[in-house]
Amino acid sequence: MAAYARLTPVIVVTGFLGSGKTTLLNHMLRHPSLADAAVLVNEFGAVGLDHFLVEAMDENTVLLESGCLCCTIRGDLKDSIIDLNSRRARGEIPPYRRLIVETTGLADPAPILFTLSADTVLKHHYRLGSVITTVDGVNGLRQLKRHPESVKQATVADRIVLTKPDITDADTLARLRAKLTRLNGSADQITAVNGAVDVPRVLRADIYDARTKGAEVRRWLAEEAAKDAAGDHAHGHGRDVSRHDAHIHSFTLSFEGALDWTAFGIWLTMLLHTHGEKVLRVKGILNVAGTDAPVVVNGVQHVVHPPIHLRAWPSGDRRSHIVFIVDDLPREAIERSLAAFNRIAAEAA
Amino acid sequence: MCAFCTMMAGGTHWTEAGTDAGRAAEPETGRARYLGRLNRVALINRILNHYGCAASDWASNQYVVKSHAGRSAMVAHLPQIWVAAEEIAGRPLDPLDPALLDTLRSTAPKETAPATQ
């Protein structure tokens, strides 16, 4: 963990077109905790504006040349980060300790996370810190309905920043919040008026930061528990409050006994091999056989970030809890499958 | 090419790396690592048995996947095992498949030899 924690964290800021990513960044970059951050921006349409605004605050800004981070210029993302890294090493730019990547409004963030975790050079210098997704209060519901990119951006978020709450009617905002909770119940929802946001609260999403990871995992569990309670109250069938709403839904699996780590790895890699496109998010806290401390897993589609140990359980609950956000995969099948894989390990023991 | 197939190329896979970069204990070395891989292979073969394939450890840093018919492939880590097995078996592998789960329930732990398709 120590070595991984020393890598430069990358904060990915994503969100649909016009949802206020740059406005948010402009505000966040004024906060002292981001004084040592470098920024990579890339946006369709408003490139010059974004570049000017961000560059005006941070000399480390690099404008990516192509229009889309997620596919055609993934190499540009890599090259830009490596270039920044080289300039930092040579002392040509201040020694930034965080890197912020602003995606295009139409970007699928998963390939960006993939690039960060898979590239053989980048992964020795950088790690994913967190994903912050801006959602437009006024237009968010319509965008979530019409644009799959928007849904993807919401499901991978560690923090969802609801923008324009001051010009959004209360009913629309409540429905948007409920929709986002159903899509990604463990992501903290924070409002921002003209970009003004509680920056420390946004930045606490980094589960690889020793100062924040315990609290962040406790928050996951609390959010899921609250969501469970809401589901029981509203629908009377437990955790799947969203299963009837759309193809994409989230749920939490809880296991009483310890899980075998080897069997879990076999199961998850096979699940992602076959259904990775449909497993939008998986994260959880595991009670692993043979170890006292819990293990935290965190993955986005085919990308699984390095699991980490917590020093202690965040509460008296020693069960494993795994949160899934899936597209049209039945909860029962996933639960039955994991239990079966864990059972073969118990049989072999 | 599938992102998942290439994502861990050149690095230790998360299922085999050390604590906080992978396994639930410190990275295994020597005999412990070897025994850990044998255990992993034994569990994998409970799965691959259903598809007429089997895996074995090769020098503690590769896996060999092969079928009864003699087709084989050498791979580096778990995700690649599924890719190779799928190609060798000639059908998709699915951990949610009820037929596979039935096989796991009905197959004794020691019955890990590849089955004829």
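1. Concerning the overall build of chain A
Phase 1 of the analysis: Summing up its helical and strand segments, chain A has 12 helices and 12 strands in all.
Phase 2 of the analysis: Long-range contacts, defined here as pairs at least 24 residues apart, represent 75% of the contacts in chain A between residues at least 6 apart.
Phase 3 of the analysis: As displayed, chain A offers around 13300 Å² of accessible surface, 52% of which is attributable to carbon and sulfur atoms.

2. Thoughts on the nonpolar core
Phase 1 of the analysis: Counting residues in each nonpolar core, the largest one holds 55 residues, and the members touching the most others are A:Phe264, A:Phe324, B:Ile47, B:Leu48 and B:Trp82.
Phase 2 of the analysis: Among the elements that line this core, the one with the most residues is helix H11 (residues 261-275) of chain A, at nine residues.
Phase 3 of the analysis: Residues contacting A:Phe264, with those up to four places away along its chain left out, are A:Leu259, A:Leu286, A:Val297, A:Ile322, A:Leu338 and B:Trp14.
Phase 4 of the analysis: A:Val12, A:Ile112, A:Tyr126 and A:Val156 belong to the second largest nonpolar core, which has 21 residues in total.

3. A look at the pattern of salt bridges
Residues and elements named next belong to chain A.
Phase 1 of the analysis: Taken as a whole, this structure holds 13 salt bridges over all chains when the rule is applied.
Phase 2 of the analysis: Glu92 is the salt-bridge partner of Arg90, the closest N and O atoms lying 2.7 Å from each other.
Phase 3 of the analysis: A salt bridge links Arg331 to Glu335; the shortest N-O distance between them is 3.9 Å. In this pair, Arg331 and Glu335 both sit in helix H12 (residues 331-348), four residues apart, roughly one turn of the helix.
Phase 4 of the analysis: The exposure class of Arg331 is buried, given its relative accessible area of 12%.
Phase 5 of the analysis: Three or more residues joined by partner-sharing salt bridges are found here, namely Arg159, Asp188 and Arg201.

4. Remarks on the environment of A:Val300
All names here are of chain A.
Phase 1 of the analysis: Its location among the elements puts Val300 in strand S10 (residues 295-300).
Phase 2 of the analysis: The spacing of Val300 and Leu113 is 187 residues in sequence and 8.0 Å in space, taken between C-alpha atoms.
Phase 3 of the analysis: Val300 has contacts with Ala110, Leu113, Val156, Leu280 and Arg281, leaving out every residue within four places of it along the chain.

5. A word on helix H8 (residues 170-183) of chain A
Residues and elements named next belong to chain A.
Phase 1 of the analysis: Between its terminal C-alpha atoms H8 stretches 20 Å, which fits the 20 Å expected from 14 residues at 1.5 Å a residue.
Phase 2 of the analysis: By the burial criterion, the buried members of H8 are Thr172, Leu173, Leu176, Leu180 and Leu183. Buried residues of H8 fall within an arc of 95 degrees about the axis and therefore sit on the same side.
Phase 3 of the analysis: Measuring from the backbone nitrogen of Asp171 back to the side-chain oxygen at the start of H8 gives 3.2 Å, which picks out Asp169 as the cap.

6. Some words on the confidence of the model for chain A
Residues and elements named next belong to chain A.
Phase 1 of the analysis: Considering every residue of chain A, the mean pLDDT works out to 80; 83% of them sit at 70 or more.
Phase 2 of the analysis: When pLDDT is averaged over each element of chain A, strand S6 (residues 159-163) comes out on top at 96 and helix H3 (residues 47-57) at the bottom at 34.
Phase 3 of the analysis: Low pLDDT, under 50, characterises residues 44-61; the stretch is placed with 37 contacts to residues that sit more than four places away or in other chains.
Phase 4 of the analysis: In this model, residues 232-245 is a region of pLDDT below 50 whose contacts with residues beyond four sequence positions or in other chains number 29 contacts.

7. A short note on the packing of H12(A) against helix H2 (residues 30-48) of chain B
Phase 1 of the analysis: As a packed pair, H12(A) and H2(B) sit with axes 10 Å apart at the nearest point and diverge in direction by 125 degrees. Put simply, H12(A) runs oblique to H2(B). Here the hand of the crossing between H12(A) and H2(B) comes out right-handed. Of the residues in H2(B), those touching H12(A) at A:Phe341, A:Ile344, A:Ala345, A:Glu347 and A:Ala348 are B:Leu43, B:Arg46 and B:Ile47.
Phase 2 of the analysis: Across the contact of H12(A) with H2(B), the residue classes break down as six nonpolar, no polar and two charged.

8. Looking at the pairing of strand S1 (residues 53-58) of chain B
Residues and elements named next belong to chain B.
Phase 1 of the analysis: Relative to strand S2 (residues 62-67), S1 runs antiparallel, the two being bridged by six bridges. Within S2, the position partnered with Asp57 by the bridge is Tyr63.
Phase 2 of the analysis: Counted between consecutive antiparallel strands, the loop separating S1 from S2 contains three residues, among which Ala59 sits at a positive phi close to 60 degrees.

9. Re the sheet that holds strand S3 (residues 72-75) of chain B
Residue and element names in this part refer to chain B.
Phase 1 of the analysis: The strand order across the open sheet formed by three strands is S1-S2-S3, and the pairing between neighbours is antiparallel. The open sheet is flanked by S1 and S3, the only strands paired with a single partner. The sheet shows a mean angle of 20 degrees between the axes of neighbouring strands, direction not considered.
Phase 2 of the analysis: Here S2 pairs with S3 via four bridges, running antiparallel. Looking at S3, one finds that Val64 is bridged to Met74.

10. A short note on unusual backbone geometry
Residues and elements named next belong to chain B.
Phase 1 of the analysis: You will see that Ala59, though not glycine, has its phi angle at about 60 degrees, which is positive.
Phase 2 of the analysis: Along the chain, the position of Ala59 falls in the loop between S1 and S2.
Phase 3 of the analysis: Phi at Ser60 takes a positive value of approximately 60 degrees, unusual for a residue other than glycine.
Phase 4 of the analysis: With respect to the element layout, Ser60 can be found in the loop between S1 and S2.

11. Side note on the sheet that holds strand S12 (residues 320-327) of chain A
Residues and elements named next belong to chain A.
Phase 1 of the analysis: Pairing is antiparallel in the open sheet, where five strands are placed in the order S8-S12-S9-S10-S11. This sheet does not close on itself; its edge strands, each paired only once, are strand S8 (248-255) and strand S11 (303-309). Across the sheet, the axes of successive neighbouring strands diverge by a mean angle of 10 degrees, strand direction being ignored.
Phase 2 of the analysis: Note: S8 against S12, eight bridges, orientation antiparallel. Paired with Thr252 across the two strands is Val323, which belongs to S12.
Phase 3 of the analysis: Packing against the sheet, H12 makes contact with S8 and S12, and its axis sits at approximately 30 degrees to S8.

Reading the values: rules and limits
Residues numbered from 1 in each chain as written. Chains lettered and ligands numbered in written order. Predicted model: local features only at pLDDT ≥ 70, side-chain atom pairs only at ≥ 80, totals over all residues. Heavy atoms only, no water. Helix = DSSP H or I, 4+ residues; strand = E, 2+ residues; numbered from the N terminus. Contact = heavy atoms within 4.5 Å. Areas by Shrake-Rupley, 256 points an atom, 1.4 Å probe, with all protein chains shown as cover. Core = buried A, V, L, I, M, F, W, Y, C linked by side-chain atoms within 4.5 Å. Buried < 20%, exposed > 50% of the residue type's maximum accessible area, 1.4 Å probe, protein only. Salt bridge = Lys/Arg side-chain N within 4 Å of Asp/Glu carboxyl O. Expected span 1.5 Å × (residues − 1). Arc of directions from axis to C-beta. Polar contact = N/O pair within 3.5 Å; in protein donor to acceptor, adjacent residues only side chain to side chain. pLDDT = per-residue confidence, 0-100. Axes fitted to C-alpha atoms, helices over the stretch in contact; angles between N-to-C directions. Parallel < 35°, antiparallel > 145°, perpendicular 65-115°, else oblique. Left-handed = near helix turned anticlockwise from the far one by under 90°. Nonpolar A, V, L, I, M, F, W, Y, C, P; charged D, E, K, R; others polar. Pairing = 2+ DSSP bridges.

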